[in-house]
Amino acid sequence: MLKYRCTICGKEFKRDDVKYLCPDCSKEYKPGIPLKGVLEVLFDYEYIKKKFDKSNPDWNLFSAVEPRFYPDYPVGNTPFFRIDNFGEEIGFENLWLKNDGLNPSGSLKDRASFLMVAEANRIKENVVVTASTGNAASALAAVCAADKKKAVIFVPESAPKAKLVQMYLYGAEVIKVKGTYDDAFRLSLEYTEKNSGLNRNTAYHPLTIEGKKTAGLEIFKQNNFKVPDVILIPVGDGVIISGVHKAFYNLKKTGLIEKIPRLVCVQAEKSNAIHNYIQTGIYKNADNPDTIADSISVSVPSNAYLAKRAVEESKGFSVTVSDEEILKAQKKLASKTGIFAEPSSSATVAALEKLKNSELLNNKEQIVLLITGNGLKDIESVKINS
Ligand SMILES: [Zn+2]
């Protein structure tokens, strides 16, 4: 039987006894600070150990929602491949790329939205609500369209046009917020407190982490059941890195692997709250998280505590890159690999370039860049001929 456990106090709950955060620890939460009392999903690892067969693997054993509730909308199974040309160019011999920009709505966020709509089916809820910088919103709108659900979306009015176009075409109710993602987050919480609807806010609902977990499971599967040495992950709210960590944590708990890959938290210089937290041990909001990488632009990362834990437990580290480095890396990646990644994802490439002569990475290790969003979603940020 599936259970939730509070990541702060450790209290366990049956999944239908609690919906979002730990009721005790979230009493200390107020908008403007990272979420307190984020829940993690506990599985029966002994059961999975007995049932999982590598020759005929059933990945649904790792799913927090039963497959009968899944929307009829395939997500994931995106390409994972070696990029030798680019690796040679920047001096890494075993460089790989996971292209999650090829999900149906163009970002990794489809994975979380898919599982949240499955959960909405399970609890018979027809409205799903979210705040987003753009990608989670367009992902939720897409999956809701496919599954006859209503998506209610709070989004900063500065979101890239292509992402707004997606939301409208998919038929979502879009509320543009004069303010930042953090303002949109607060308004969406108020909405679901006053009205009905399932809140899909990232980390606020524990299944958003579980949905993103599938990217990590897929890397393991596509890497022939081997664990890469390092994965570079763009970090805004800190949920994707927690999801990838959860994948390898689950694989370890079920005896399928012995070690977790080192996870590298990549942030933009101005949107660096989690990076600072990892470096100093003291949490502080990013004062002015103004970056061209809109998908990772956040002042108050909702999942800061778990993201730090993911980096530390994996023996990884964090790094920041400037907007200028991101744009250069975006162009280099596109021209050497044919992959057009949005700025947030290009930040992983910029980080790799920055780290090429550092002792933090060995140039013979298997290194994976997680590309979380398609560049076509944000063409305004591209500098032509730069
Ligand atoms: Zn708690």
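Residues numbered from 1 in each chain as written. Predicted model: local features only at pLDDT ≥ 70, side-chain atom pairs only at ≥ 80, totals over all residues. Heavy atoms only, no water.

*Asks:* Any chance you could break down the overall build of the protein for me, citing the residues and the numbers?
*Replies:* What the protein contains, in helices and strands, is twelve helices and 13 strands. For a compact globule of 386 residues, the expected C-alpha radius of gyration is about 21 Å, and the protein comes in at 19 Å, within 12% of that figure. Taking the principal axes of the C-alpha coordinates as reference, the protein spans close to 50 × 50 × 40 Å. Expressed as a percentage of its 386 residues, the buried residues of the protein come to 62%. Within the protein, residue pairs in contact and separated by at least 24 positions form 71% of the contacts whose partners lie at least 6 positions apart. Of the roughly 15,600 Å² of accessible surface on the protein, a fraction of 48% belongs to carbon and sulfur atoms. Charged side chains in the protein number 53 positive and 47 negative. The centres of these two groups are separated by 2 Å. (Helix = DSSP H or I, 4+ residues; strand = E, 2+ residues; numbered from the N terminus. Rg over C-alpha atoms; globule rule 2.2 N^0.38 Å. Buried < 20%, exposed > 50% of the residue type's maximum accessible area, 1.4 Å probe, protein only. Contact = heavy atoms within 4.5 Å. Areas by Shrake-Rupley, 256 points an atom, 1.4 Å probe, with all protein chains shown as cover. Lys, Arg positive; Asp, Glu negative; His and termini not counted. Charge placed at Lys NZ, Arg CZ, Asp CG, Glu CD.)

*Asks:* Which residues make up the environment of V298, and what values do they have?
*Replies:* Along the polypeptide, V298 turns up in the loop between helix 9 (273–280) and helix 10 (304–313). Sequence separation of V298 and N285 is 13 residues, and the distance between their C-alpha atoms is 8.8 Å. Aside from chain neighbours lying at most four places away, what touches V298 is Y181, D182, G236, D237, S271, A286 and P289.

*Asks:* Please give an account of the side chain of Q267 that cites residues and values.
*Replies:* Tracing the backbone through its elements, the reader meets Q267 in strand 11 (residues 262–268). Relative accessible area serves as the criterion here: at 1%, Q267 is assigned to the buried category. Looking at Q267, its side chain comes within polar contact range of the main-chain oxygen of S271, at 3.2 Å. Filtering out sequence-adjacent residues up to four positions away, Q267 remains in contact with V235, G236, N272, A273, I274, H275, V319, T320 and V321. (Polar contact = N/O pair within 3.5 Å; in protein donor to acceptor, adjacent residues only side chain to side chain.)

*Asks:* Explain the sheet that holds strand 3 (residues 39–42) to me, and be specific about the residues and the numbers.
*Replies:* The antiparallel open sheet is built from three strands, whose spatial order is 2-1-3. This sheet does not close on itself; its edge strands, each paired only once, are strand 2 (12–14) and strand 3. Recorded for the sheet is a direction-independent mean angle of 35° between the axes of neighbouring strands. (Pairing = 2+ DSSP bridges. Axes fitted to C-alpha atoms, helices over the stretch in contact; angles between N-to-C directions.)

*Asks:* Pulling in residues and values, what's your account of the environment of K364?
*Replies:* Take K364: it is sitting in the loop between helix 12 (343–354) and strand 13 (367–371). Once residues lying within four places of it in the same chain are set aside, the contact partners of K364 are E93 and N94. A polar atom in the side chain of K364 sits 3.4 Å from the side chain of E93.

*Asks:* Describe the packing of aromatic side chains, listing the residues and the values that go with them.
*Replies:* Inspection of the entire model under this criterion finds 14 aromatic pairs. For the pair W59 and F220, a centre-to-centre distance of 6.5 Å together with 80° between the ring planes defines the contact as edge-to-face. Remark: F220 occurs in helix 7 (residues 206–222) and W59 occurs in the loop between helix 1 (45–51) and strand 4 (80–82); sequence separation between them is 161 residues. No difference in accessibility class separates W59 from F220, as the two residues are buried. Geometrically, the ring pair formed by F80 and W96 is stacked, given 4.9 Å between the ring centres and 20° between the ring planes. With F80 in strand 4 and W96 in strand 5 (residues 95–99), this residue pair connects regions lying 16 residues apart in the sequence. W96 gets classed as buried once you look at its relative accessible area, which sits at 17%. Joined through ring pairs, the aromatic side chains of F52, W59, F62, F220 and F225 make up one cluster. K308 extends its terminal NZ or CZ atom over the ring of Y277, reaching a point 4.9 Å from the ring centre. (Phe/Tyr/Trp six-rings, centres within 6.5 Å; stacked < 30°, edge-to-face > 60°. Lys NZ or Arg CZ within 6 Å of the ring centre and 35° of its normal.)

*Asks:* Describe helix 12, with residues and values.
*Replies:* Turn by turn, an α-helix covers 3.6 residues, leaving residues three or four places apart pointing in a common direction. Between its first and last C-alpha, helix 12 extends 16 Å over twelve residues, near the 16 Å set by a 1.5 Å rise per residue. Burial analysis of helix 12 places eleven of its twelve residues in the buried class, which makes it a mostly covered element. Within helix 12, the full set of buried residues consists of P343, S344, S345, S346, A347, T348, V349, A350, A351, L352 and E353. (Expected span 1.5 Å × (residues − 1).)

*Asks:* I'd like a rundown of the coordination of the zinc ion, residues and numbers included.
*Replies:* Distances from the zinc ion to its protein donors, namely C6 (SG), C9 (SG), C22 (SG) and C25 (SG), fall within the range 2.3 to 2.4 Å. Considering all four donor atoms around the zinc ion, the spread of angles at the metal, 106 to 114°, places the coordination shape in the tetrahedral class. When the donor residues of the zinc ion are listed from N- to C-terminus, their spacing reads C-x2-C-x12-C-x2-C. Classification of C6 by relative accessible area gives buried; the value is 2%. (Donors = N, O, S within 2.8 Å, 3.2 Å for Na, K, Ca; no water. Tetrahedral: all angles 85-135°; square planar, octahedral: opposite > 155°, others 65-115°.)

*Asks:* Explain the pattern of salt bridges to me, and be specific about the residues and the numbers.
*Replies:* Applying the stated rule across the entire model yields 34 salt bridges. One salt bridge in this structure joins E210 and K246, with 2.6 Å as the shortest N-O distance. Taken together, the residues span a long stretch of sequence, with E210 in helix 7 and K246 in helix 8 (residues 239–253) at a distance of 36 residues. Classification of E210 by relative accessible area gives buried; the value is 3%. Note that R309 and E313 form a salt bridge whose closest N and O atoms lie 3.6 Å from each other. Here R309 and its partner E313 are both found in helix 10, four residues apart, which amounts to about one turn of the helix. According to the relative accessible area criterion, R309 is partly exposed, its value standing at 26%. (Salt bridge = Lys/Arg side-chain N within 4 Å of Asp/Glu carboxyl O.)

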